[in-house]
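Listed here are the chains, written in short residue letters.
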Amino acid sequence: MLLLAALVATTAWSYGFAQIYPVQSPISITKSQRSARMTCEIKVSEEMFESMAVHWYQQKEGRAPERLLLFSDGKLAVETGFIAKRYMAEKVSSQKRFILTIKDVIPDDTATYYCAYWDPHHDIKIFGSGTKLIVSSKVSSPPANSEILQKEHENQITYVCLVEKFYPEVIRVTWTDEKNEEVTDNVVKGDTWKATKNEEYSIGSWLTVPVENKDKKYYCKYEHESQERSLPTQDFSAKAAPQEDDCNTSGNSTVFNRDHIIHRTAYLAYIVLLLKSSMYYFIVLFFIYRMWTVTKHQGKKA
């Protein structure tokens, strides 16, 4: 889903400047009928926004993105292969937003939709974060449980943020500090996995900080179409729980302080990461070997 944004970001930084990326919401839409409405917010200058043309792309699973329509000067141009009367585009200047509405959704509309605009200075098309439309009779459901586990090891503290049993699988998880600034260093986000047979998914994210920062509070924030929450880390060393208590409850989240549960979770997380790293390592070695073999074979022919 983020492939387009990542590619464009690389291109933008190669020119030596940061781009203004469109922010799309909601992150996903799940419904079986009626219309689906998604927004694209672009925080550029008022003058630039008023003269801006926006492109909307549709990307189905396993396929390349395909341009759906162009909205410019209040006029809508739908690409060949799409039924024009099913799409409506709007522009809200006061909020610097473009809106796409897909009328009477059908299963074939299931895809991720990206908005994009051209940077007039360097002729680069900038893509948004995307909104995934899921046409299904199954209703979206918020996470059944969300918690932060903590494990201190030598001179580091690892926080494991678990968000469990939600639908659909589209979710965004980030870490922030006490100043509400995003933390990206030493953060690992796992892939979503199917937790049950009922199409429910779970995800984990890990933040590692120096033990000197144990008095600082960090927040695990997740954004799902049915719920948004921010979970604070807890200072277990400052709050010793009674031996008979299995857990401490803060708000609607449960933060376990049993050492063996925390250790097991952190251990499994590191095992998964280690296996992934090993797999990528062997794949790279395989391709290097193939290239070396071909080069050696050509050298013998010469």
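Residues numbered from 1 in each chain as written. Predicted model: local features only at pLDDT ≥ 70, side-chain atom pairs only at ≥ 80, totals over all residues. Heavy atoms only, no water.

A.B. asks: Hey, could you run me through unusual backbone geometry in this one?
C.D. replies: As a rule of thumb, non-glycine residues mostly have phi less than zero, and peptide bonds are mostly trans rather than cis. Backbone torsion omega between Ser25 and Pro26 reads -5°, so that peptide bond is classified as cis. Inspection of the secondary structure assignment puts Pro26 in the loop between strand 1 (23-25) and strand 2 (28-31). The omega torsion across Tyr167 and Pro168 is 0°, close enough to zero to call that bond cis. Inspection of the secondary structure puts Pro168 in the loop between strand 13 (156-166) and strand 14 (172-176). Phi is positive for Lys96, close to 55°, though the residue is something other than glycine. Of note, Lys96 is situated in the loop between strand 7 (87-92) and strand 8 (97-102). Phi is positive for Asp104, close to 45°, though the residue is something other than glycine. With respect to the helices and strands, Asp104 occurs in the loop between strand 8 and strand 9 (111-119). For Asp104, a relative accessible area of 56% translates into the label exposed. (Helix = DSSP H or I, 4+ residues; strand = E, 2+ residues; numbered from the N terminus. Buried < 20%, exposed > 50% of the residue type's maximum accessible area, 1.4 Å probe, protein only.)

A.B. asks: Sorry, what's going on with the pattern of salt bridges here?
C.D. replies: When the charged atoms of two side chains with opposite charge come close together, those side chains can pair. Taken as a whole and judged by the stated rule, the model has eight salt bridges. Across the pair Glu50 and Lys91 runs a salt bridge whose closest N-O atoms are separated by 3.9 Å. Pair noted here: Glu50 is in helix 2 (residues 46-50) and Lys91 is in strand 7, with a separation of 41 residues, a long-range link. The class of Glu50 is partly exposed, set by a relative accessible area of 40%. Classification of Lys91 as partly exposed rests on a relative accessible area of 29%. Two residues, Glu79 and Arg67, come together in a salt bridge whose shortest N-O distance is 2.7 Å. (Salt bridge = Lys/Arg side-chain N within 4 Å of Asp/Glu carboxyl O.)

A.B. asks: Just to check I follow, could you spell out the sheet that holds strand 1 for this structure?
C.D. replies: Note: strands within a sheet are paired through backbone hydrogen bonds, in either parallel or antiparallel orientation. One open sheet accounts for four strands, arranged 1-3-8-7; its pairing is antiparallel. Looking at which strands have only one partner, the edges of the open sheet turn out to be strand 1 and strand 7. Averaged over all pairs of adjacent strands, the angle between strand axes in this sheet comes to 20°, irrespective of strand direction. Relative to strand 8, strand 3 (residues 36-41) runs antiparallel, the two sharing six bridges. Considered in strand 8, the bridge of Thr39 is made with Ile99. (Pairing = 2+ DSSP bridges. Axes fitted to C-alpha atoms, helices over the stretch in contact; angles between N-to-C directions.)

A.B. asks: Would you explain the state of the cysteines in this entry?
C.D. replies: In a disulfide, the sulfur atoms of two cysteines are covalently bonded to one another. This structure, assessed with the given rule, holds two disulfides. Disulfide partner of Cys40: Cys115, at an S-S distance of 2.1 Å. Residues Cys40 and Cys115 are joined through a disulfide that is right-handed, its torsion about the S-S bond being 75°. Taken together, the residues span a long stretch of sequence, with Cys40 in strand 3 and Cys115 in strand 9 at a distance of 75 residues. As far as the burial class goes, Cys40 and Cys115 line up, both buried. Sequential numbering of the bridged cysteines in the protein chain gives the disulfide pattern 1-2, 3-4. (Disulfide = S-S within 2.5 Å.)

A.B. asks: Teacher, can you tell me more about the nonpolar core here?
C.D. replies: Nonpolar side chains in soluble globular proteins tend to end up buried together. Counting residues in each nonpolar core, the largest one holds 28 residues, and the members touching the most others are Trp56, Phe98, Leu100, Ile102, Tyr113 and Leu133. Counting only elements with at least two residues in this core, the list comes to strand 3, strand 4 (54-59), strand 5 (66-72), strand 7, strand 8, strand 9, strand 10 (124-127) and strand 11 (131-135). Formed by 21 residues, the second largest nonpolar core is a distinct cluster that contains Cys161, Val209, Tyr218 and Tyr222. (Core = buried A, V, L, I, M, F, W, Y, C linked by side-chain atoms within 4.5 Å.)

A.B. asks: Which parts of the structure should I look at to understand the sheet that holds strand 20 (residues 227-232)?
C.D. replies: The strand order 15-14-19-20 describes an open sheet built from four strands, whose pairing is antiparallel. Both outer strands of the open sheet, strand 15 (182-183) and strand 20, are each paired with one neighbouring strand and no more. Sheet analysis places strand 14 next to strand 15, joined by two bridges and oriented antiparallel. Paired with Trp175 across the bridge in strand 15 is Val183.

Taken by themselves, the reported measurements are silent on function.
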